[in-house]
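# Coordinate inspection notes
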Amino acid sequence: MGIFGLKSVRLAGALVVGLWSSAAYAQSDITIALQLEPPHLDPTSAAAQAIDSVVYTNVFEGLTRFMGDGSIVPGLAESWEVSEDGKTYTFKLREGVAFHDGAPMSAEDVKFSLDRARAEDSANAQKALFDGIAEVTVLDPASVQLTLDEPNGSLLFNLAWGDAVIVSEASIADIKTNPVGTGAYKFAEWVQGDRIDLTRNDAYWGDAPALESATFKFISDPTAAFAAVMAEDVDVFDNFPAPENLPQFEADPRFQVLVGSTEGETILSTNNKQQPFDDLRVRQAIAHAIDRQAIIDGAMFGYGTPIGSHFAPHNPAYVDLTGNSPHDPDKARALLAEAGHPEGFETTLHLPPPSYARRGGEIIAAQLAEVGITAEIINVEWAQWLESVFKGKNFGLTIVSHTEPMDIGIYARPDYYFQYDNPEFQTLMETLNTTTDPGERDALLQQAQQIISEDYVNGYLFQLAKLGVAKAGVQGLWLNAPTAAIDLTGVSWSE
Amino acid sequence: MLRYTLKRLISLMLSLAVASLVIFAVIEIAPGDPAQFMLGVNAQPDTLAALRAELGLDTSKPDRYLAWVGGMLQGDFGTSYTYRTPVAGMIADRLWVSLPLTIYALVISILLAFPAGIYAASRRGRIGDAAMMGTTQLGVAIPNFWFAMMLVLVFAVNLRWFNAGGFPGWDKGLRTGLHALTLPAIALALPQASILARVMRSALLDVLGEDFMRTARAKGLSRGQAIWRHGLRNALIPVLTIIGLQVSFLLAGAIIIEQVFYLPGLGRLIFQAINARDLIVVESVVMLLVFVVITVNFMVDLAYAVVDPRLRTRT
């Protein structure tokens, strides 16, 4: 194949593009790159975020749903009523909703989906979302009733998760490879290792989306990701893996850089049951040894918001508690001496693969060394991290971004890997779970943030930024990530 | 020849049996639970137990080994833990990318190396030889993934002659498919071609010093004719050995190159499967690679016998 042949092809291509734009036809397809490929396409039986990135709101919908700003709005449920005692939710379903196989979506499907998720042999990765649902009752084809053991202030939030979407019993056997939902896009094809294609569902109950089709591609290597965007092989890169390249995209008029926030609290997780971390003074010393801004600048190239507790800054109930742990190496050394470690001590620092951990870990190890703590860096894969750190609790320190939305409740679980056991906090969370008044809930959440911040349970570093790159003409993408999703329903090309 | 072939065949079987045991042991020892990986940090113990039972991970290791080997003998490679589709089908799909890529790279490697090696040998000590050896030295030293990135930056990002990666599928036409595999194949082939050219040169030089070459010249053949008729054939034994070894290098190198070009090949599959602790996929793919490498070596052994008749009778 000669150069000339290609040149003429490009020339012809330029002509076609010219004709196109003069006729003002907007492009109707989009190619989106993700770093990881979904293992399968059932959001109700795995934790992989890549599944939700492809199918959430596109293929599958729940009774409620997240919007890009984190708010919860009606999904397949048009409206709902809550009983006086807060224990009964009656959902009225939308009319005219059909699954992609043509079958109408009814209250029976809702019952099937929720019962399946909370069943004894359920493989739902977030089964705790359904705790406290005593019964799901079909009132009529368009209404369904949820009876709870006790009031649950987060029920509508829980039902918005990808793990709570409505599936159909008729197609459940093949859901992993051929997902059939009610969304604006139908699953078309999956060439494993390469791409997943979705096409527009013309029978969709809501507003018809602008794009006719979407292709998801999977590019894990940061250099390959850069090349794919630069060569314009992909239109959008969700969660771009190399923040150091973003200034280059920003300076290039062909692209736009989308910087938003995620639900990921990035923390220096500390084994609260292991010596010497069982001493509050040692944990406080670590908190003062850390220079958050240096980590954000060095590991994330400036992207990320400092946090002082385990809570997302964009949440209305957020309190800025970074003042509890300013960078103060002298104070850190004094606290260590007071705790009986004037010469410091040795520990381990387990680092999973993401760059926030690997790069951040190097910086933190250096900052800890300044106050006398020698942290031996151990690089691990996720599977290894889950086995030895998360399950085996065999670690001193580790860096992880906790990406589940509203997950401060993990501090009420003494068996959770950082092993924080504070009855006061546990009682607070129990109160929170049964409180439905928004004002009271916010007050409780603020109290919770303060307790763990003042107990220096973990080193609180920064809220992970969502860094996306897209071609300049793409509009309507989510800036923030209240949950893992690439909601295509509002995406279009500007003319 | 038959006896020689049989002996080689038995040693092939034994190698495969040992390999299967080693692969299974090593992969099962690696820490990491596939079910935990699938379900993440919020999974409840009963959910994990349910998934483990569903995947058959609650049976003993010897049972799983026997089931795996027994299945493979009947062509059943098991079902992937994560994808939940038959491993044999996944491997077959991926081979349609990896095998053509390997063969493409091998062809490029041979097409570059043979003329380069012969040219250098025939110009021994002169500038042409020195230039060729310098170039191949560079080719050996450059890591192929770095070379791959440079190719992408030049030919995909700047010149836009190729896509930066990905594979459209053979159903889009042979030309489109080959076009997509060209940069990866060149990246894979360059270091191998450099090694092969150096081997070709030194093998040829060894042969050129032999008495029969002088005889060939004495009976009136030109230098070129002598190299072509007598030199090349005798120099091929070490070259074949290297080509045999290179097939395994190319297959292994493809694991990295497939990442750089995000090609849906075996290398990418194994990379993803290791991360997800999809043990059955890792075991089966590694076993397949071992099978291919051992089989290629077996065929190289047979090829020796074809090239060198003395080996057919030797036992």
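No experiment lies behind these values; they were computed from the predicted model shown.

What follows concerns the interface of chain B and chain A. Across the boundary between the two partners, chain B contributes 47 residues, which contact 43 residues of chain A. Counting residues per element, the ones that place at least two in the side of chain B that touches chain A are α2 (34–39), α3 (45–55), α5 (87–122), α7 (144–158), α10 (223–260) and α11 (266–275) of chain B. Top element by residues in the side of chain B that touches chain A is α7 of chain B. It accounts for five residues. For the side of chain B that touches chain A, the class distribution of residues is 24 nonpolar, 15 polar and eight charged.

Bringing the environment of H310 of chain A into the picture now. Residue and element names in this part refer to chain A. Inspection of the secondary structure assignment puts H310 in the loop between β13 (305–306) and α9 (329–338). Residue classification places H310 among the buried positions, given that 21 C-beta atoms sit within 10 Å. Between the C-alpha atoms of H310 and R292, which are 18 residues apart in sequence, the distance is 14 Å. In this view, H310 contacts E265, I267, I408, Y411, I452 and Y460; residues no more than four positions away in its chain are not counted.

Turning our attention to the nonpolar core. Membership of the largest hydrophobic core comes to 227 residues, with the highest contact counts inside it found for A228 of chain A together with M200 and V285 of chain B. When residues in this core are grouped by element, the largest group, 18 residues, is from helix α8 (residues 174–208) of chain B. Residues lining this core come from more than one domain, with at least three contributed by each of domain 1 (2–73) and domain 2 (95–275) of chain B. Those residues in contact with V285 of chain B, other than ones at most four positions away along the chain, are I91, L266, L269, I270 and A273 of chain B.

We now examine the UniProt feature "transmembrane region" (unreviewed entry) in chain B. Residues and elements named next belong to chain B. UniProt's entry tags residues 12–30, 103–122, 134–157, 177–197, 235–257 and 285–307 with the feature "transmembrane region" (unreviewed entry), counted in the numbering of this structure. Taken end to end, residues 134–157 is 92% helix and 0% strand, and its two terminal C-alpha atoms sit 29 Å from one another. Along residues 177–197 the backbone is 100% helical and 0% strand, and the end-to-end C-alpha distance reaches 28 Å.

On to the packing of helix α5 (residues 222–230) of chain A against α7 of chain B, then. Where α5 of chain A meets α7 of chain B, the axes come as close as 10 Å, and the angle between the chain directions of the two elements is 5°. One way to sum up the angle between α5 of chain A and α7 of chain B is to call them roughly parallel. On α7 of chain B, the residues that touch T223, A227 and M230 of chain A of α5 of chain A are M149, V152, L153, A156 and V157 of chain B. Broken down by class, the residue content of the contact of α5 of chain A with α7 of chain B amounts to seven nonpolar, one polar and no charged.

Quick look at α3 of chain B now. All names here are of chain B. Among the residues of α3, those classed as buried are T47, A50, L51 and L55. One face of α3 carries all of its buried residues, which in axial projection span an arc of 130°. Exposed residues pointing more than 90 degrees away from the buried face of α3 are listed as P45 and D46. Where the residues of α3 are buried, they touch α2. In the stretch just after α3, G56 is the one whose phi turns positive, near 75°.

Rules and cut-offs
Residues numbered from 1 in each chain as written. Chains lettered and ligands numbered in written order. Predicted model: local features only at pLDDT ≥ 70, side-chain atom pairs only at ≥ 80, totals over all residues. Contact = placed C-beta atoms within 7 Å. Helix = DSSP H or I, 4+ residues; strand = E, 2+ residues; numbered from the N terminus. Nonpolar A, V, L, I, M, F, W, Y, C, P; charged D, E, K, R; others polar. Buried ≥ 20, exposed ≤ 12 C-beta atoms within 10 Å, placed from the backbone. Core = buried A, V, L, I, M, F, W, Y, C linked by C-beta atoms within 7 Å. Domains from an automatic or database assignment. UniProt positions renumbered as here; feature names shortened; annotations may be inferred. Axes fitted to C-alpha atoms, helices over the stretch in contact; angles between N-to-C directions. Parallel < 35°, antiparallel > 145°, perpendicular 65-115°, else oblique. Arc of directions from axis to C-beta.

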